[in-house]
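These are the residues of each chain, in order.
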Amino acid sequence: MQTVYPNLYKRSSHMNRLLCILFSILLLAGLSACSGGYQSGMEFTYALPQNVDTLDPQTASRQSSFQVIGSIFQGLCGIDDQGEVVPGAARKWDVNEDSTQFTFHLYGDAKWSNGAPVTADDFLFAIQRALRPETATPSVDDLFVIQGARAVYNGEADQEFLGVWAQDEHTLVVNLERSYPDFPALTAGTHYMPCNREFFEESSGHYGLSAEYLITNGPFTFESIYSWSTDPGKRQITLVPSDNYRARDNVQPGSLTYLIDYDNSITADPITSLMEGKIDITTLPETAAEEAANNGCGVQVLDDAVTGLLFNADAGILKYPQAREIFTKLIERQNLLDRRMDKNSQEALGIMPNCVHWNGGDYYTGGIPMFTQQDNTITETLLPSLLTLSGDSRMPNITIICPNDEESINIANGLLVSWNDALGSAYNIEPLDDAAFQSRIASGEYQAALYTLRAGGTTPYQVLKAFESSSTPSLYRDTGYDSQLHSLTFELSAYQELEEYLQKHYVFYPLFSDKTYYVSSPKSQGISASPDLLINFSRAKKSE
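First, a word on what this report is: a plain description of the structure on this page. (Residues numbered from 1 in each chain as written. Predicted model: local features only at pLDDT ≥ 70, side-chain atom pairs only at ≥ 80, totals over all residues. Heavy atoms only, no water.)

**Notes on the packing of helix 11 (residues 321-329) against helix 14 (residues 383-390)**
- At their nearest, the axes of helix 11 and helix 14 sit 10 Å apart, and the two run at 145° to each other. Note on packing geometry: the crossing formed by helix 11 with helix 14 is left-handed. Along the contact surface, helix 11 presents Gln 322, Ala 323 and Ile 326, while helix 14 presents Leu 383, Leu 386 and Leu 389.
- Partitioning the contact of helix 11 with helix 14 into residue classes produces five nonpolar, one polar and no charged. (Axes fitted to C-alpha atoms, helices over the stretch in contact; angles between N-to-C directions. Helix = DSSP H or I, 4+ residues; strand = E, 2+ residues; numbered from the N terminus. Left-handed = near helix turned anticlockwise from the far one by under 90°. Contact = heavy atoms within 4.5 Å. Nonpolar A, V, L, I, M, F, W, Y, C, P; charged D, E, K, R; others polar.)

**So, unusual backbone geometry**
- In this structure, the amide linkage connecting Thr 472 to the following residue, Pro 473, adopts the cis form with an omega of -5°.
- Structurally, Pro 473 can be placed in the loop between helix 17 (460-464) and helix 18 (479-486).
- The phi dihedral of Ser 99 falls on the positive side, at around 55°, and the residue is not glycine.
- Examined against the element boundaries, Ser 99 turns out to sit in the loop between strand 6 (90-95) and strand 7 (101-106).
- Despite not being glycine, Ser 139 has its phi angle at roughly 50°, a positive value.
- Along the chain, Ser 139 turns up in the loop between helix 4 (120-130) and helix 5 (149-153).
- On the basis of relative accessibility, which here comes to 11%, the residue Ser 139 falls in the buried class. (Buried < 20%, exposed > 50% of the residue type's maximum accessible area, 1.4 Å probe, protein only.)

**Some remarks on the pattern of salt bridges**
- Scanning the entire structure with this criterion turns up 15 salt bridges.
- Linking Arg 178 and Glu 491 is a salt bridge whose minimum nitrogen-to-oxygen distance equals 3.8 Å. Here the residue Arg 178 occupies a position in the loop between strand 9 (171-175) and helix 6 (183-186), and Glu 491 occupies one in the loop between helix 18 and helix 19 (492-504), the gap between them amounting to 313 residues.
- We classify Arg 178 as partly exposed; its relative accessible area is 22%.
- Judged by its relative accessible area of 35%, Glu 491 falls in the partly exposed class.
- With a closest N to O distance of 2.9 Å, Glu 407 and Arg 340 form a salt bridge. In this pair, Glu 407 sits in helix 15 (residues 406-423) while Arg 340 sits in the loop between helix 12 (333-338) and strand 16 (346-347), placing the two residues 67 residues apart along the sequence. You'll find Glu 407 and Arg 340 in the same group, each marked buried.
- Several salt bridges converge on common partners, so that one network encompasses Arg 340, Glu 407 and Asp 514. (Salt bridge = Lys/Arg side-chain N within 4 Å of Asp/Glu carboxyl O.)

**Thoughts on the environment of Leu 453**
- Mapped onto the fold, Leu 453 is located in strand 21 (residues 448-454).
- Taking the C-alpha atoms as reference, Leu 453 lies 35 Å from Arg 246; in sequence the two are 207 residues apart.
- Sequence-distant contacts of Leu 453, defined by excluding residues within four places in its chain, comprise Asp 304, Ala 305, Val 306, Ile 351, Pro 353, Val 463, Ala 466, Phe 467, Leu 475 and Phe 508.

Laid out in structure tokens, this is it:
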């Protein structure tokens, strides 16, 4: 049995270069102010992109919910701003020789916000709940690596056959179906976050739907039952440090407010919103992040995304896989790569961002590309049969939506050049500001998009589940893909097969290994983001 002490759980410097964080810098005025002037007990604000559906970790499905849950709950492990697995509620874990059994040792002094002790049974019950069909846990597949979990979920075995048990109050043992060294990274996900059995049963079906029916084990909690306001036009969630959190002395803010209803100017002019203190952190495109840095904002850069061409398989001619295949195989890839203004940008080998790893190493070992090759003969071999099938005399026009910045427009124009020349038609682009772009993706009101796919974590599963039918936003609805994802065996070959499925159905054509730019206000310090799309405010301070 190998004991893993999280501070030693690091990869080589070479691997770190390829993994999640390229660098984390505080630019211009932020640097000179680091030595002093920042205070604890200040108020921080973040604008959620949409309303939360629930704050129950076992049933939440929206990224807005995950963000708030990440502040009020703590899983066995966490993912830090370097993409490394770090302690959560577990101070360390033991691993057997073939990585099929993990023993998590919880902090003995951890408490829920109501003062009850956090125990191994809380994590056991959370997993048991998530595997009950009546819970309707979305994207539950990340639990199926646990021994017996799939059989329990499908009603083929009783919960006593589940490979999870509480060895004592502060020791949780997990047996896996197969060797999976990266399992601790999965336990940072919401499905693995604890649920107090007694409190849940007393909630009588209301658990997670209001501040009254929720207790928390993370750094923040609700000050009162009124802290989660659902009044139309005034919706927001205001949190304060939890006095019962075991590391309470390390939690610096006085309050943390998640805005749900807010003025459109916050997203229409995010740099001004940062400068005026309306919000304390947001994500911006590269050029806007540079502008914000020139105004004294701090910038953290995560190498956690892939930008490519996303097709809406439910839109018009694109509902035919043959149409998506034609558009994909006519892409002049090198022309698009040459149009990238950032000459240090890497070409994407597939849909997996650089932060995604396998067995502690690079996912794309050997550099084998996972994207469709150009084939200009496709207009002769496939186009006639497609037109017969669709009843069209020529390939219908489609429009690409893209972010409204010079580089994105230039790349999108490169796609038009490829198609206009080969198909003899006029295709269009529609640049949109970020809020409108994300809204169109979420509503499905687009045909094709120059889209940046973010990892959502550091395991391949967390990327692949973005294409599940029930994911938010819904990027792809296909029962065949869903079925294959639900039967995932967590072997490298299984991940590769799913990636090949997306490739062969021409859903997403990867172009660039890309980055996410988190920009914080000039007066804020200590806010950090991680590749699982969470933002950690616990060490945030602010100058007046």
